[in-house]
Amino acid sequence: MTSKLEQLKAMTDVVADTGDIEAIRRFQPQDATTNPSLLLKAAALPHYATLLAQARSWATLKGGSSAEQLANCCDRFAVDVGCEILNIVPGRISTEVDARLSFDTGATIARAQRLIDLYEKAGVSRDRILIKVASTWEGIRAGEQLEKQGINCNLTLLFGFAQAAACADAGVYLISPFVGRILDWHLANSDLVVNQPTDDPGVQSVRRIYRYYKAHGYNTVVMGASFRNTGEIEALAGCDRLTISPALLESLAADAGELPRQLAPDGARSADARAAPAEPDFRLALNDDAMATEKLSEGIRNFIADQIKLEQVIVQS
């Protein structure tokens, strides 16, 4: 019997949820994804010291105000890290727009276009890039417009069904529903007991979204993210994509047990009617979902905090 990781790769595109080059080389995922938190960790690794110094020099030569140079340096560093990873993975890299722009459609579009321009100048075509944007109403609208420009998007920080329905209606390329953070909220705010993976509300959320997309013919890719344990991953075997941390990839690689498929597109059924939520309906549905509202806000705050820490590293180095 092959490892559970190899079995998973046979039915799901495995994505590395890390900027660690050595981990990516070891586990050979299809794609990789980064965010401000992962870039902050990368900036502390000796391997990336040269890239950070090059990005800082490039931004200085480009000129502009201190704020403009700092933003340029961060974007260049993110792209340079992405290019390094793309030398290893055969698929795509996800690179995130500054989370402080999560409620500004126009600024998100402009920043996404700049990231794509930097990649293309580095010789990387846009079909190998996913631009990560928070699944706010404004972020979804930015994703809709970027897709029309041939810029594929990864709508992240997705916790509620209303976000998933709006993303599919907008025609975004991929969504990242956060499994573990959904579980975190329920454990902290209810008497939930998870006896088996199917009891996990994060797993239940992704299964619902997956079946809704397949039953109604949406092309948007479902990529489960933010896992707390391998049980969550195994319960979603067969999902389009799963982005997994090195520690959990290690656990799956060391397990030679059988991994049965749990999700498949053929014959998928959904109890949810096809929906195209307008802004008032979207905001009301999100407001009614305390977990999704709180985790979305928390996620944006945390990404902003790590972005600021990354900027402080750049300024002080």
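Our subject is the structure that appears above.
Residues numbered from 1 in each chain as written. Predicted model: local features only at pLDDT ≥ 70, side-chain atom pairs only at ≥ 80, totals over all residues. Heavy atoms only, no water.

Thoughts on the side chain of Ser-205
Turning to step 1, where the next piece is worked out: Note on placement: Ser-205 falls in helix H10 (residues 201-215).
Turning to step 2, where the next piece is worked out: Note on Ser-205: relative accessible area 15%, which makes it buried. (Helix = DSSP H or I, 4+ residues; strand = E, 2+ residues; numbered from the N terminus. Buried < 20%, exposed > 50% of the residue type's maximum accessible area, 1.4 Å probe, protein only.)

Observations concerning the nonpolar core
Turning to step 1, where the next piece is worked out: Residues Leu-8, Phe-77, Ile-131, Ile-175, Tyr-213, Leu-236 and Ile-244 are the most contacted members of the largest nonpolar core, which totals 99 residues.
Turning to step 2, where the next piece is worked out: Tallying contributions element by element places helix H5 (residues 66-86) first for this core, with 10 residues.
Turning to step 3, where the next piece is worked out: Ile-131 has contacts with Thr-95, Val-97, Ala-112, Leu-115, Ile-116, Ile-151, Asn-152, Cys-153 and Asn-154, leaving out every residue within four places of it along the chain.
Turning to step 4, where the next piece is worked out: Counting residues in hydrophobic clusters, the runner-up holds five residues, among them Val-15, Leu-130, Leu-174 and Val-221. (Core = buried A, V, L, I, M, F, W, Y, C linked by side-chain atoms within 4.5 Å. Contact = heavy atoms within 4.5 Å.)

Description of the packing of aromatic side chains
Turning to step 1, where the next piece is worked out: The final tally for this structure, using the stated rule, is seven aromatic pairs.
Turning to step 2, where the next piece is worked out: One aromatic cluster in this structure is built from Phe-161, Tyr-212, Tyr-213 and Tyr-218.
Turning to step 3, where the next piece is worked out: Directly above the aromatic system of Tyr-173 lies the positively charged group of Arg-92, at a separation of 4.4 Å from the ring centroid. (Phe/Tyr/Trp six-rings, centres within 6.5 Å; stacked < 30°, edge-to-face > 60°. Lys NZ or Arg CZ within 6 Å of the ring centre and 35° of its normal.)

Description of the sheet that holds strand S6 (residues 174-177)
Turning to step 1, where the next piece is worked out: Strand order around the closed barrel formed by eight strands is S1-S2-S3-S4-S5-S6-S7-S8, with parallel pairing between neighbours. Strand-to-strand twist across the sheet, computed as the mean angle between neighbouring axes with direction ignored, equals 30°.
Turning to step 2, where the next piece is worked out: Pairing analysis gives four bridges linking strand S1 (residues 13-16) to strand S8 (residues 241-244), with the strands arranged parallel. Bridge pairing in S8 links Val-15 to Thr-243.
Turning to step 3, where the next piece is worked out: The strands that helix H14 (residues 290-316) touches are strand S3 (93-96), strand S4 (129-134) and strand S5 (153-158); relative to S5, the one it contacts most, it runs at about 115°. (Pairing = 2+ DSSP bridges. Axes fitted to C-alpha atoms, helices over the stretch in contact; angles between N-to-C directions.)

As for the pattern of salt bridges
Turning to step 1, where the next piece is worked out: All chains considered together, the criterion is met by 23 salt bridges.
Turning to step 2, where the next piece is worked out: The shortest N-O distance in the salt bridge between Glu-311 and Arg-100 comes to 2.5 Å. Pair noted here: Glu-311 is in helix H14 and Arg-100 is in the loop between S3 and helix H6 (105-121), with a separation of 211 residues, a long-range link.
Turning to step 3, where the next piece is worked out: Residue Glu-311 is classed as buried on the basis of its relative accessible area, which comes to 12%.
Turning to step 4, where the next piece is worked out: Taking the relative accessible area as the measure of exposure, Arg-100 reaches 38% and is therefore partly exposed. (Salt bridge = Lys/Arg side-chain N within 4 Å of Asp/Glu carboxyl O.)

Remarks on the packing of H5 against H6
Turning to step 1, where the next piece is worked out: One way to put it is that H5 packs onto H6 with a least axis distance of 10 Å and a crossing angle of 50°. Taken together, H5 and H6 sit at an angle that is classed as oblique. For H5 against H6, the interelement crossing comes out right-handed. When H5 is examined against H6, the residues Ala-71, Asn-72, Asp-75, Arg-76, Ala-78, Val-79, Gly-82, Cys-83 and Leu-86 are found in contact with a partner set consisting of Arg-111, Arg-114, Leu-115, Leu-118 and Tyr-119.
Turning to step 2, where the next piece is worked out: Split by residue class, the contact of H5 with H6 holds eight nonpolar, two polar and four charged. (Parallel < 35°, antiparallel > 145°, perpendicular 65-115°, else oblique. Left-handed = near helix turned anticlockwise from the far one by under 90°. Nonpolar A, V, L, I, M, F, W, Y, C, P; charged D, E, K, R; others polar.)

Here's the deal with empty space enclosed by the protein
Turning to step 1, where the next piece is worked out: In this structure the tally under the stated criterion is three cavities of 30 Å³ or more.
Turning to step 2, where the next piece is worked out: Taken as a whole, the largest cavity holds about 90 Å³ of empty space.
Turning to step 3, where the next piece is worked out: Lining the largest cavity are 13 residues, with Leu-39, Asp-75, Ala-78, Glu-96 and Gln-307 sitting closest to its centre.
Turning to step 4, where the next piece is worked out: Elements that contribute at least two residues to the lining of the largest cavity include exactly helix H3 (36-43), H5, H6 and H14.
Turning to step 5, where the next piece is worked out: Here the lining of the largest cavity takes three residues from H5, the largest share from any one element.
Turning to step 6, where the next piece is worked out: Taken together, the residues of the lining of the largest cavity sort by class into seven nonpolar, two polar and four charged.
Turning to step 7, where the next piece is worked out: Of the volumes computed, that of the second largest cavity is approximately 50 Å³.
Turning to step 8, where the next piece is worked out: Taken together, Glu-96, Val-97, Asp-98, Ala-99, Leu-101, Ser-102, Thr-108, Lys-132, Val-133, Ala-134, Leu-157 and Phe-303 make up the lining of the second largest cavity.
Turning to step 9, where the next piece is worked out: Looking at the lining of the second largest cavity, the element that brings in the most residues is S4, giving three residues. (1 Å grid on protein atoms, 1.4 Å probe; cavity = no way out; pocket = protein on both sides within 12 Å on 5 of 7 lines; lining within 4 Å. Points joined across faces, edges and corners; volume = space filled by probe spheres on them.)

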